[in-house]
Amino acid sequence: MAPHTDIKRGSAELMVLAAIEERARHGYEIAKLIDDRSGGVLRFHIASLYPMLYRMERRGWLDGKWIEKAGQRRRRYYRLTPEGRKVLARQRSTWRELLGALQRVAGLEPGR
Amino acid sequence: MTWIQRLCNRRRIETDLAEEIRGHLEERVDELVARGVPLQDAVHQARREFGNVMLIEEQARQVWKRRWIEDLLSDGRFALRQLRKAPGFAAAGALTLALGIGANTAVFSVVNAVMLRPLPFPEPQRLVSMWPRSETGPAGPYDVSYPNFFDFRDENKVFEHLVSYRSSPISLTGSGEPVQLRGEIVSWDLFPLLNMQPILGRAFQPQDEDPGVRAVIIAHTLWKTRLGGDSGIIGRTINLDREPYRVVGVAPPGFNFPVGGEQVQVWTTLATDARSATVQPVTRQRGARMLSIMGRLRDGISIQQAQAPMDRIAASLAERYPQHRRYPGVFLQPALDDVAGLARGPLLFLLGAVGLVLLLACANLATLLLSRTTEREREFALRLAIGAARSRIVRQVMTEALALALIGGLAGVATAAVLVDVAVPLVGTTIPRIQQTTIDGRVLVFAMALTLVTSVLFSVAPAARLLHDRLNDPLKESAYANVHGPGRLGSTLVVVQIAVGLMLLSGAALLMSGFVHLTHRDPGFQPERLLTFSIGMPGSEYSRARQLAFYDQLLERLGHLPGARSAALAMPLPLTGSSMTVAFNIQQRPSPPHERPVSNMAIVSPGFFQTAGIAMIHGRDFGDTDDADGAPVVIVNRAFAERFFPGENAIGKRIEPGATSDERGTRMREIVGLVENARQSPLGSRADAIYYFPYRQLPWCCPSVIVRAAGFPASLEPSVRSVVSSIDRQLPLFDVRTGDEILSVGVTPVTFLTALMVGFAAIGLLLTSSGLYGVLSYSVVKRTREIGIRIALGASRPAVLSMVVRQSAILVGAGLVIGIAGSIAARRFIGGLLFGIDGGTLLLLPTAVAVMLATAWLATYLPARRAASIDPMFALRSE
């Protein structure tokens, strides 16, 4: 698959991984968190969020579990695995490098 | 998670997905309601934001279902783009593959035509050939007598039809120039056996075997050309061997039997053999073994089931007729296996050799691809980091390999088509059915499979590397590329290439030495300036006396031809591959019939040894007095004397050969002469033991004629023809050949095999050396900076040179050790496959090793010199 598709998917994965870094969250929460944190700029297409979660689970980056709390509906919570944590760290550094390079090359000074 | 587990889990995943989406919607609705939106509106808004749930679920499912097809397509597009970006790599790869796949496809197409393609008759798998079998093993074809055949035919219950056949040249006169035709004498049910019908007229019937019946079925080509293609031919008579034969049928176009030989032009029944010029027709001589046998198994009976009943018949025959050679069993094999005959071993050998070439090509490509993968590590690492799955990248590499293999495969099939077109006609008809070689469906499937296997083979190494290496590192490493040389995989591949390359080389050396041995050894006669030919003499018109008179007159006139030195008769001619073997009894050590020694025999006229250039060692040549009235004599060759009279003087000894031509039966004959070995068979490493009869004491029909010319032998042909037709205008001349032609035709299969093998070895050497060169020069390029620093710090250039050479020497050394072991092992295995070519001398392997070393040195020297000439300043600045 061509690299630009990888980048799109890669960025989405990075966001999802980051969203569950501190604690386990369910799908709705993840979508909402990304929406909120980006100030509404990055909005997930729901249709791709869930398949992506499943895919990342299959790769062993995160762990999904159905949890029923009293008085709440059954929800599937996603938790970062140790492997996922490593991937997140790697992806962060790569993106940092990539963004740094973009900044230098394309003049994308932060805050401009 | 495996594919199977994933498949099982799909249903669970889908229900989970549906529940999560439902939960997601409800969550949103709850949130909106909490904000004060009325429930009805909240549901609508959530739905609106979310889109069509069904559609999304469907899309989500599609993500799982269709992704691999899309991925494959985009992988393919990307692969082609990558190949376009690296045209040098693509061209080198495609060319390597085209050679490898092309050579393999070409050899396979020959194997297919000769060994695999079913016989062109209905239900060919039920056709079985039958040889007699002695205690020591199958006796070979042409070894059944008529009386035995009749017994097998009548007594067996396992064959629907059992047919005898033997080839017999027949002259056709009365329709233009007299010609000699290829004829086949068969039992009546040949066509029912093959389940075929003549296109005109009828097949033979049982009564066509009755003595006195002269029925013939003619080949389609003969009918169309020589006989005018008139459909009124049925019922007409044609003159075969100057006797009128009634044409009862015309065979379908393309029909030939026996399969694999030259086109037979007429088939007639064994009635021809039932009236014979000799005392007793061969159809009644149990000792005259001359027939080949083919049968069609009854429906539902296998070869294994037929074995025991046929063995029983053979055993009972051996019991009933103890005075004849004992064959207590039979050897049954599919008729198809019989067709390939002796060519089977060499073809399998070739297939193995050419497979090694492909292996080399794969190793070479793997090396190329490996260096490319290393170069692209940063690209892969980046893609991996931004979310590409490792498996996707591996698949990408494999798709690229497949794309390359497909291009190479297509070019390979084209190469094979050209090779077949060019090479196959050169082989002639010495290998059965080889002229029917085509690139058919089976060959295409083979080429396709080869392409797929190849692409997997040469992409496994790079893919394995991608799977196991930490690809993320290079991103951080910046430009400080790894300094570990070609890597373990690359080194392993080079070692494999050198080992396989050496095996090919030693195989080629083996064949070359065999070839040189065959062509340069003394054939025992002087073939240069010899002209040989045969005459189609009809037994019906030529009584014994007339035959003798004819040859007397012929030799007399030929001897006086201007440009001819001498002329003589021989049957069979040396080196033509045809031989007659007859058992004999030794007077001083008599033995019962079935234990008697067997040797080649030949019938020659006085002056034959001198004309052929065979040296007389002791004793005397035959003379005019060695005729029917003279004392029975023979002359033997050195091999005969050494084998049957070791340490004794053979001259004066007496033997009683089983060959006879008159009512006096076999006679004790005195050995009166000893001659040098002249080879009867063109191949094989041992000299054949031969004993010679004087023609006048055994005037079998019909000897060939040899003429020794003063000058160029072929120029004698017109005058020879006119001499023959001046004696009898209706006698056809055939098989007119010079001695040199006989010599070269006999070794054609070996020439063919050797040329191919040398070609394979050359390709192998090229691939091996370019593989080694590629790996070394790549590692030099990668180490440019390191080498630059070394030189800057004071390393001498010879030291740098020797560093690269050392690296090469380790690889080459390991490859040679494995290759030598492989060659020795392979030699044991292939010894028997190759027309009896000897294993060759011990010198061959060192020669192959030397050639490989020289090539390896060349492939090492260039990169080493480049390393030594690296400019440190330039190397350091280049970063």
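Residues numbered from 1 in each chain as written. Chains lettered and ligands numbered in written order. Predicted model: local features only at pLDDT ≥ 70, side-chain atom pairs only at ≥ 80, totals over all residues. Heavy atoms only, no water.

1. A word on the overall build of chain A
Moving on, step 1. From N to C terminus, chain A includes four helices and three strands.
Moving on, step 2. Starting at the N terminus and walking to the C terminus, you meet the elements of chain A as α-β-α-α-β-β-α.
Moving on, step 3. Out of the 112 residues belonging to chain A, those deemed buried represent 44%.
Moving on, step 4. Partitioning the intrachain contacts of chain A with sequence separation of at least 6 by distance along the chain shows that 48% fall at a separation of at least 24. (Helix = DSSP H or I, 4+ residues; strand = E, 2+ residues; numbered from the N terminus. Buried < 20%, exposed > 50% of the residue type's maximum accessible area, 1.4 Å probe, protein only. Contact = heavy atoms within 4.5 Å.)

2. Let's talk about the overall build of chain B
Moving on, step 1. Within chain B, the secondary structure is distributed over 27 helices and 23 strands.
Moving on, step 2. Against the globule reference of 29 Å for 879 residues, chain B gives a C-alpha radius of gyration of 37 Å, more extended than a compact globule.
Moving on, step 3. Counting only C-alpha atoms and orienting by the principal axes, one finds that chain B spans roughly 130 × 80 × 50 Å.
Moving on, step 4. Scored against the burial criterion, the 879 residues of chain B give a buried share of 52%.
Moving on, step 5. Counting only carbon and sulfur atoms, one obtains 59% of the accessible surface of chain B, whose full area is about 38,800 Å².
Moving on, step 6. Taken together, the 89 basic and 75 acidic charged side chains of chain B have centroids lying 5 Å from each other. (Rg over C-alpha atoms; globule rule 2.2 N^0.38 Å. Areas by Shrake-Rupley, 256 points an atom, 1.4 Å probe, with all protein chains shown as cover. Lys, Arg positive; Asp, Glu negative; His and termini not counted. Charge placed at Lys NZ, Arg CZ, Asp CG, Glu CD.)

3. Here's the deal with the pattern of salt bridges
Moving on, step 1. Taken as a whole and assessed by the stated rule, the structure comprises 40 salt bridges over all chains.
Moving on, step 2. Here Glu-155 of chain B ties to Arg-320 of chain B by a salt bridge, and the two come within 3.2 Å at their closest N and O atoms. Here the residue Glu-155 of chain B occupies a position in helix α6 (residues 146–155), and Arg-320 of chain B occupies one in helix α10 (residues 303–320), the gap between them amounting to 165 residues.
Moving on, step 3. You can call Arg-320 of chain B partly exposed: its relative accessible area is 40%.
Moving on, step 4. One salt bridge in this structure joins Glu-786 of chain B and Arg-790 of chain B, with 2.7 Å as the shortest N-O distance. With a gap of four residues between them, Glu-786 of chain B and Arg-790 of chain B both fall in helix α24 (residues 784–792), about one helical turn apart.
Moving on, step 5. Each of Glu-22, Arg-23, Arg-25, Glu-29 and Arg-37 of chain A takes part in one network of salt bridges that share partners. (Salt bridge = Lys/Arg side-chain N within 4 Å of Asp/Glu carboxyl O.)

4. Some remarks on the sheet that holds strand β3 (residues 75–80) of chain A
All names here are of chain A.
Moving on, step 1. The sheet built from three strands is open, its strands ordered β1-β3-β2 with antiparallel pairing. What marks the edges here is a single partner per strand, and that holds for β1 (25–26) and β2 (62–67).
Moving on, step 2. Of the strand pairs in this sheet, β1 and β3 are connected by two bridges, and their pairing is antiparallel. Residue pairing across strands places Arg-25 opposite Tyr-78, the latter belonging to β3. (Pairing = 2+ DSSP bridges.)

5. Observations concerning the packing of aromatic side chains
All names here are of chain B.
Moving on, step 1. All told, the structure shown has 22 aromatic pairs over all chains when counted by the stated rule.
Moving on, step 2. Consider the rings of Phe-108 and Phe-446, whose centres lie 3.9 Å apart with planes at 5°: the pair is stacked. Of this pair, Phe-108 sits in helix α5 (residues 87–116) while Phe-446 sits in helix α15 (residues 441–468), placing them 338 residues apart in sequence.
Moving on, step 3. Here the aromatic rings of Phe-609 and Phe-622 are separated by 6.5 Å at their centres, their planes lie at 45°, and the arrangement is tilted. Taken as a pair, Phe-609 in helix α19 (residues 608–612) and Phe-622 in the loop between β17 (616–619) and β18 (633–637) lie far apart in primary sequence, 13 residues in all. For the residue pair Phe-609 and Phe-622, the accessibility class agrees, reading buried in each case.
Moving on, step 4. By the ring-pair criterion, three or more aromatic residues cluster together here, those being Phe-584, Phe-640, Phe-644, Tyr-691 and Phe-693.
Moving on, step 5. Between Arg-286 and the ring centre of Tyr-321, over which it is positioned, the NZ or CZ distance is 3.5 Å. (Phe/Tyr/Trp six-rings, centres within 6.5 Å; stacked < 30°, edge-to-face > 60°. Lys NZ or Arg CZ within 6 Å of the ring centre and 35° of its normal.)

6. Here's the deal with the environment of Arg-378 of chain B
Residues and elements named next belong to chain B.
Moving on, step 1. Its place among the elements puts Arg-378 in helix α13 (residues 377–385).
Moving on, step 2. Accessibility expressed as a relative area gives 43% for Arg-378, which makes it partly exposed.
Moving on, step 3. Considered as a pair, Arg-378 and Ala-631 are 253 residues apart in the sequence and their alpha carbons are 96 Å apart.

7. Topic: the nonpolar core
Residues and elements named next belong to chain B.
Moving on, step 1. By size, the foremost hydrophobic cluster in this structure holds 51 residues, and its most contacted members are Val-114, Ile-434, Met-757, Phe-760 and Leu-772.
Moving on, step 2. Secondary structure elements with two or more residues in this core: α5, α12 (344–375), α14 (390–427), α17 (487–520), α23 (748–782), α25 (797–830) and α26 (844–868).
Moving on, step 3. Those residues in contact with Phe-760, other than ones at most four positions away along the chain, are Ala-103, Val-107, Leu-350, Ala-353, Val-354, Val-357 and Leu-504.
Moving on, step 4. In this structure, Tyr-551, Ala-567, Met-601 and Phe-640 belong to the second largest nonpolar core, which totals 48 residues. (Core = buried A, V, L, I, M, F, W, Y, C linked by side-chain atoms within 4.5 Å.)

8. Points about the confidence of the model for chain B
Residues and elements named next belong to chain B.
Moving on, step 1. Here chain B averages 84 in pLDDT, while 90% of its residues score no lower than 70.
Moving on, step 2. pLDDT under 50 marks residues 474–485. Its contacts with residues more than four places away, or in other chains, come to 19 contacts.
Moving on, step 3. Taken over the whole predicted complex, pTM reads 0.71, whereas the ipTM for its chain interfaces reads 0.83. (pLDDT = per-residue confidence, 0-100.)

9. Focus: unusual backbone geometry
Residues and elements named next belong to chain B.
Moving on, step 1. The peptide bond linking Phe-257 to Pro-258 adopts the cis configuration, its omega dihedral lying at 0°.
Moving on, step 2. Looking at the element boundaries, Pro-258 is found in the loop between β9 (243–250) and β10 (266–269).
Moving on, step 3. Along the chain, Met-571 connects to Pro-572 via a cis peptide bond; the corresponding omega equals -5°.
Moving on, step 4. Examined against the element boundaries, Pro-572 turns out to sit in the loop between β14 (564–571) and β15 (580–586).

10. Regarding the packing of α12 of chain B against α13 of chain B
All names here are of chain B.
Moving on, step 1. Axis separation between α12 and α13 bottoms out at 4 Å; the angle between their running directions is 55°. With respect to each other, α12 and α13 are oriented oblique. For the pair α12 and α13, the contacting residues are Thr-373, Thr-374 and Glu-375 in the first and Glu-377, Arg-378 and Phe-380 in the second.
Moving on, step 2. Class assignment of the residues belonging to the contact of α12 with α13 gives a composition of one nonpolar, two polar and three charged. (Axes fitted to C-alpha atoms, helices over the stretch in contact; angles between N-to-C directions. Parallel < 35°, antiparallel > 145°, perpendicular 65-115°, else oblique. Nonpolar A, V, L, I, M, F, W, Y, C, P; charged D, E, K, R; others polar.)

11. Quick notes on the side chain of Asp-338 of chain B
Residue and element names in this part refer to chain B.
Moving on, step 1. Summarising the element assignment, Asp-338 is placed in helix α11 (residues 335–340).
Moving on, step 2. Arg-344 provides the closest opposite charge to the buried, salt-bridge-free Asp-338, at an N-O distance of 9.2 Å.
Moving on, step 3. In terms of polar contacts, Asp-338 uses its side chain to reach the side chain of Gln-333, at 3.3 Å.
Moving on, step 4. If near-sequence neighbours (up to four positions away) are discounted, Asp-338 is found in contact with Ser-129, Trp-131 and Gln-333. (Polar contact = N/O pair within 3.5 Å; in protein donor to acceptor, adjacent residues only side chain to side chain.)

12. A few points about a positive patch on the surface
Moving on, step 1. Together, Arg-77, Arg-81, Arg-84 and Lys-85 of chain B line one region of the surface with positive charge.
Moving on, step 2. Mapped onto the elements of the fold, Lys-85 of chain B is located in helix α4 (residues 67–85). (Patch = residues over 30% accessible without salt bridge, like charges linked within 9 Å, V, L, I, M, F, W, Y side chains within 5 Å.)

13. Let's talk about a nonpolar patch on the surface
All names here are of chain B.
Moving on, step 1. Together, Tyr-773, Trp-857, Tyr-861 and Leu-862 make up a nonpolar patch on the protein surface, roughly 380 Å² of accessible area in all.
Moving on, step 2. Top element by residues in the nonpolar patch is α26. It accounts for three residues.
Moving on, step 3. Within the secondary structure, Tyr-861 is located in helix α26.
Moving on, step 4. Residue Tyr-861 is classed as partly exposed on the basis of its relative accessible area of 32%.

14. Some thoughts on the environment of Pro-334 of chain B
Residue and element names in this part refer to chain B.
Moving on, step 1. In this fold, Pro-334 is placed in strand β12 (residues 329–334).
Moving on, step 2. Between the C-alpha atoms of Pro-334 and Val-128, which are 206 residues apart in sequence, the distance is 4.5 Å.
Moving on, step 3. In this view, Pro-334 contacts Leu-127, Ser-129 and Ile-303; residues no more than four positions away in its chain are not counted.

15. Side note on α14 of chain B
An α-helical turn contains 3.6 residues, so any two residues separated by three or four positions project in the same direction.
Residue and element names in this part refer to chain B.
Moving on, step 1. Given a rise of 1.5 Å per residue, 38 residues ought to cover 56 Å, and the 52 Å separating the end C-alpha atoms of α14 matches this to within 8%.
Moving on, step 2. Considering bend angle alone, the principal kink of α14 is centred on Val-420 and spans about 30°.
Moving on, step 3. One or two residues past the end of α14 sits Gly-428, with phi positive at roughly 70°. (Expected span 1.5 Å × (residues − 1). Bend = angle between axes of the 7 residues up to and from the residue.)

16. Section: the confidence of the model for chain A
Moving on, step 1. Within chain A, residue pLDDT values average 79, and 81% of them lie at 70 or more.
Moving on, step 2. Confidence drops under a pLDDT of 50 for residues 1–5 of chain A, and excluding neighbours within four residues, the segment shows 12 contacts in the predicted structure.

17. A look at α24 of chain B
Moving on, step 1. Those residues of α24 of chain B lying buried are Arg-785, Glu-786, Ile-787, Gly-788 and Ile-791 of chain B.
Moving on, step 2. Remark: Gly-794 of chain B follows α24 of chain B within two positions and exhibits a positive phi of approximately 115°.

18. Quick look at the pairing of strand β16 (residues 598–604) of chain B
Residues and elements named next belong to chain B.
Moving on, step 1. For β16, a buried count of six out of seven residues is recorded, marking the element as mostly surrounded by other parts of the structure.
Moving on, step 2. Across two bridges, β14 lies against β16 in antiparallel orientation. Each bridged residue has a counterpart across the sheet, and for Met-571 the counterpart in β16 is Ile-603.
Moving on, step 3. Here β15 runs beside β16; their pairing, made up of four bridges, is antiparallel. Directly across from Met-580, in β16, lies its bridge partner Met-601.
Moving on, step 4. Where β16 meets strand β21 (residues 690–694), five bridges bridge the pair, whose relative direction is parallel. Within β21, the position partnered with Ile-603 by the bridge is Phe-693.

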